[in-house]
Each structure stands twice: as structure tokens, then as C-alpha cells.
Amino acid sequence: RSILEQATDAIVVLALDGRITHASWVAEQLAGRSPVGHMFSEAFALDAASASQQGTLARFSRESLDQALATKPFHGVEVRLRDPRMSGRSFLLSAGPLVNDAKDAVGSIVTLTDITERKRAEEQQTMLVAELNHRVKNTLALVDSVIALSIRADTALTEFGEVLRGRIAALTRS
């Protein structure tokens, strides 16, 4: 219980039937109420966070998702909560078995880790790399233009200039 109270991620404990038996404070905040006693899919209505993750969730009905989370390891699926309060937030869904001293499965531990800031940072990094690529290509185009102008001014440099321009064009394509 102490671990659940101190957790910074949403953590729920599921019985073998998918019903929530314990929940962290963060899980209660995400659910908007105490999820204890509810099926996981009732407390946390999920959608895939991306098209690539859609196939993973689409294989499950609400009931089969509850059963899968309660009985099978389930790792690293990016999801969004349908709750309008959580609009724009992304979570990483994972589940693992909970066993007793005799190593018998008695349920599972499910986590919803907020990865919204990480996703925003990834999107920003992708945008910055694209912008950097654009600027580098523009700079190489400017260098190519300077070489072309220099070649016109001195015919002795024509062959050297063409080889150099070819190399710059290759850099632009890479």
C-alpha cells in the first residue's frame, strides 16, 4: 500500500478477472474517482496514441483487454485516455504478473506512465532536425552558386569546379 501511495505513475493492481483491487493516488486522479472495484476498461477508457499502436489495441474488446492485462505481460503500448480532461496527454501502458509466495498468478500490476513531455520533446527534435536539414541544403546550394560564378570568371577552373559541384550535389542528396 505504501508503494502505491508514493508512486508518481498511475499504478493499479488487478485481480485475475481484470477488476481493480488497489490503485495509486495518481491512478485515482487519472480516473477522476477511485477506480477500485471497477474493471480496468471501465475506469480507464483507452485509445491508441498513434496509428502504429492502433493494431495492438484493436485486437481487444473491452472484456478481452481486461483479461489480457490481468493475465499476460503487456509492455510499452502508447495510449491516450478518452477522458476530455486528459486531452493531448500520452501514456505508456504496461502490465506484469503478480504472484504469491507459491508462484501462482493472483493478478497483475498495471502502470500508466505519463510520457506527454517525452512525446513533445521527440516531436520538437524531429522538427528541429528537419529545419537543420533544410538550412544545410540551402547553405550547400549557396556554396554551389558561388562555385558556379567563380568558374565562369576563370575558364582554367572549369574542370575542377565541375568535380567540386558534383561533390556538393552529392552532399545535398545525402
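For the structure itself, look to the data block above.
Quick caveat: nothing in here was measured; it's all calculated off a predicted structure. (Residues numbered from 1 in each chain as written. Predicted model: local features only at pLDDT ≥ 70, side-chain atom pairs only at ≥ 80, totals over all residues. Heavy atoms only, no water.)

### Considering the environment of Val 163
Selection criterion: Segments assigned H or I by DSSP are reported as helices when at least four residues long, segments assigned E as strands when at least two residues long, and all are numbered from the N terminus.
If you trace the backbone, Val 163 turns up in helix H7 (residues 158–173). Separated by 21 residues in the primary sequence, Val 163 and Leu 142 place their C-alpha atoms 16 Å from one another.

### Considering the sheet that holds strand E4 (residues 74–81)
For clarity, the cut-off: Should DSSP find at least two bridges between two strands, the strands are taken to pair. Between the N-to-C directions of two axes lies an angle of 0 to 180 degrees, each axis being a line fitted to C-alpha atoms and, for a helix, fitted only over the stretch in contact. Throughout, a residue-residue contact means that at least one pair of heavy atoms, one from each residue, lies within 4.5 Å.
The antiparallel open sheet is built from six strands, whose spatial order is E2-E1-E6-E5-E4-E3. The outermost strands of the open sheet, each flanked by one partner alone, are strand E2 (20–23) and strand E3 (46–48). Averaged over all pairs of adjacent strands, the angle between their axes in this sheet comes to 35 degrees, without regard to strand direction. Running over the sheet, helix H5 (residues 62–71) touches strand E1 (10–15), E3, E4, strand E5 (91–99) and strand E6 (105–114) and is turned about 105 degrees from E6.

### Details of the packing of aromatic side chains
For clarity, the cut-off: Pairing of aromatic side chains requires ring centres within 6.5 Å, counting the rings of Phe and Tyr and the six-membered ring of Trp. Pairs whose planes differ by under 30 degrees are stacked, by over 60 edge-to-face, and all others tilted.
What the rule picks out here adds up to one aromatic pair. Relative to Phe 44, the ring of Phe 40 has its centre 5.1 Å away and its plane inclined at 35 degrees; by these criteria the two rings are tilted.

### Brief notes about the pairing of E5
Looking at chain direction, E4 and E5 are connected through four bridges and run antiparallel. Bridge pairing in E5 links Glu 78 to Leu 92. Pairing geometry for E5 and E6, over nine bridges, is antiparallel. Of the residues in E6, the one forming a bridge with Ala 95 is Val 110. Adjacent in sequence and paired antiparallel, E5 and E6 are bridged by five residues, among which Lys 103 carries a positive phi angle near 70 degrees.

### Describing the pairing of E6
Bridge count between E1 and E6: six bridges; the pairing is antiparallel. Bridging from a neighbouring strand, Val 12 pairs with Val 110 of E6.

### Describing the environment of Gln 124
Our working rule: Exposure categories follow from relative accessible area, calculated using a 1.4 Å probe and restricted to protein chains: below 20% of the type maximum is buried, above 50% is exposed, and the middle band is partly exposed.
As for its placement among the helices and strands, Gln 124 is situated in helix H6 (residues 116–153). Residue Gln 124 is classed as partly exposed on the basis of its relative accessible area, which comes to 48%. A sequence separation of 90 residues divides Gln 124 from Ser 34, and the C-alpha atoms of the two residues are 35 Å apart.

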